[in-house]
Amino acid sequence: MSSEKSETSPSEPPRVPQAPVSPPLLYYRDCPTYWERSHSLLGELPSPLPTKRTRTYSASARATLGPISKGKCKCFSRSQGHGFITPTDGKEDIFVHISDIEGEYVPVEGDEVTYKVCAVPPKNLKHQAVEVVITHLAPGTKHETWSGQIINS
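Residues numbered from 1 in each chain as written. Predicted model: local features only at pLDDT ≥ 70, side-chain atom pairs only at ≥ 80, totals over all residues. Heavy atoms only, no water.

Draft legend 1. How the structure looks around the overall build of the protein chain. When you go through the protein chain residue by residue, the secondary structure sums to three helices and eight strands. Taken from the N to the C terminus, the helices and strands of the protein chain come in the order α-α-α-β-β-β-β-β-β-β-β. Classification of the 153 residues of the protein chain by burial places 24% in the buried group. For the protein chain, contacts bridging at least 24 residues in sequence account for 52% of all contacts bridging at least 6. Approximately 11,800 Å² of the protein chain is accessible, and the part contributed by carbon and sulfur atoms is 57%. (Helix = DSSP H or I, 4+ residues; strand = E, 2+ residues; numbered from the N terminus. Buried < 20%, exposed > 50% of the residue type's maximum accessible area, 1.4 Å probe, protein only. Contact = heavy atoms within 4.5 Å. Areas by Shrake-Rupley, 256 points an atom, 1.4 Å probe, with all protein chains shown as cover.)

Draft legend 2. The pattern of salt bridges, seen in detail. Following the criterion strictly, the structure yields three salt bridges and no others. The salt bridge involving E144 is made with R78; its shortest N-O contact spans 2.9 Å. A residue pair is termed long-range when its members are at least 10 positions apart, and E144 in strand β7 (residues 142–144) and R78 in the loop between β1 (69–77) and β2 (82–87) qualify at 66 residues. Overall, R78 belongs to the partly exposed group, its relative accessible area being 31%. Among the ionic pairs, K116 bridges to E131, the shortest N-O distance being 3.7 Å. In this pair, K116 sits in strand β5 (residues 112–120) while E131 sits in strand β6 (residues 126–136), placing the two residues 15 residues apart along the sequence. Under the relative-accessibility criterion, K116 is labelled buried at 12%. (Salt bridge = Lys/Arg side-chain N within 4 Å of Asp/Glu carboxyl O.)

Shown next, in the form of structure tokens:
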């Protein structure tokens, strides 16, 4: 028993398994493709526009109490998640987010819609359409449901 030798000498510290080391930040700067793929290092930036999920209760309550306006869909991009509505009263076009559209159809140019208006923070100078409902589908256009089914109108 006394003749047993230990595997490590007293002068060497015991070996500890090393965790994988991430490359230093200089490496990220030198290799832009890796930096773009690893955006989780930066964190997700919050959207400056309030969506249905991020809108405060007070802003939602003010919008719900507001008057119902009418307009036509000027444009809408499902892939980008937003579009614009042209009011029938001739005012400036109003932004609409995908989360604020009610119903089963994706709006297309020419659809008649009803909506309520909500101010966009932080300065509340611009407005956004909320509770958007398509009242009349544009004739002669193809409409798509949110599930992807295409319907001719």
